[in-house]
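What follows is each chain in one-letter form.
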Amino acid sequence: MAESALAPVPEALKPLVDEYRTTLCRYVQTPSAEDRRRAHELGERLVQQAYGPETLLDLHASALRACEPQDGHALVGRANQLLADASSAFIASYRHQAEIHRDEAECYRRYARMLEVL
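This report concerns the structure included in the present document. Residue positions are counted from 1 within each chain, in the order its sequence is given. Residues qualify for local features only when their pLDDT is at least 70, as the model is predicted, and side-chain atom pairs are given and counted only at 80 or more; totals for whole chains, interfaces and linings, by contrast, use all residues. As a rule here, side-chain values cover all heavy atoms of the structure and leave hydrogens and water aside.

Some thoughts on the environment of serine 62
Helix and strand labels come from DSSP, where a helix needs a run of H or I of at least four residues and a strand needs a run of E of at least two; each type is numbered from the N terminus. Its location among the elements puts serine 62 in helix H3 (residues 53-66). Remark: the alpha-carbon pair of serine 62 and tyrosine 20, spanning 42 residues in sequence, is separated by 9.7 Å.

Some thoughts on the packing of helix H1 (residues 14-29) against helix H2 (residues 33-48)
Angles run from 0 to 180 degrees between N-to-C directions of axes, and those axes are lines fitted to C-alpha atoms, restricted for helices to the stretch in contact. Put simply, H1 and H2 touch, their axes get as near as 10 Å, and they point 155° apart. Regarding the angle of H1 to H2, the classification is roughly antiparallel. Crossing geometry of H1 relative to H2 is assigned as left-handed. Along the contact surface, H1 presents Leu16, Glu19, Tyr20, Thr23, Arg26 and Tyr27, while H2 presents Asp35, Arg36, Arg38, Leu42, Arg45 and Leu46. For the contact of H1 with H2, the residue count by class is five nonpolar, one polar and six charged. In these notes the angle categories are as follows: under 35 degrees is roughly parallel, over 145 is roughly antiparallel, 65 to 115 is roughly perpendicular, and the rest is oblique. Less than a right angle of anticlockwise turn of the near helix away from the far helix marks a crossing as left-handed, whereas a clockwise turn marks it as right-handed. Working rule for contacts: check all heavy atoms of both residues, and any pair within 4.5 Å makes them a contact. Polar here means any residue other than Ala, Val, Leu, Ile, Met, Phe, Trp, Tyr, Cys and Pro, which are nonpolar, and Asp, Glu, Lys and Arg, which are charged; Gly is therefore polar.

The structure is reproduced here in structure tokens:
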């Protein structure tokens with residue numbers, strides 16, 4: 001997809017886009033634990049700002065195009081590692097939401113049983 005075909009980036013998201021692009025391009029050249037940690041933190045910030053995983057994927061694709069070309073397999077493999085780290089924040093958030101809903105459902109089941117007894 002051409003760069004011009006992408007939707008415009010919301011103003012509030014631009015600092016995260018720039019930071020992710022810098023982190024990704026640096027990581028594919030020289031992998032580091034610090035950049036993986038930073039990617040996770042960026043994912044957490046996206047979750048906190050109520051962006052979904054599709055925003056992360058758009059951000060990742062845009063950042064990947066901006067990185068200097070190199071061996072395609074190495075670039076994609078390293079880029080996927082960073083994407084996985086950023087995605088883990090979404091996974092943790094969804095897991096937490098599922099636990100809350102499961103607890104609420106159990107509470108409603110107990111409540112319904114009590115009402116049946118009455």
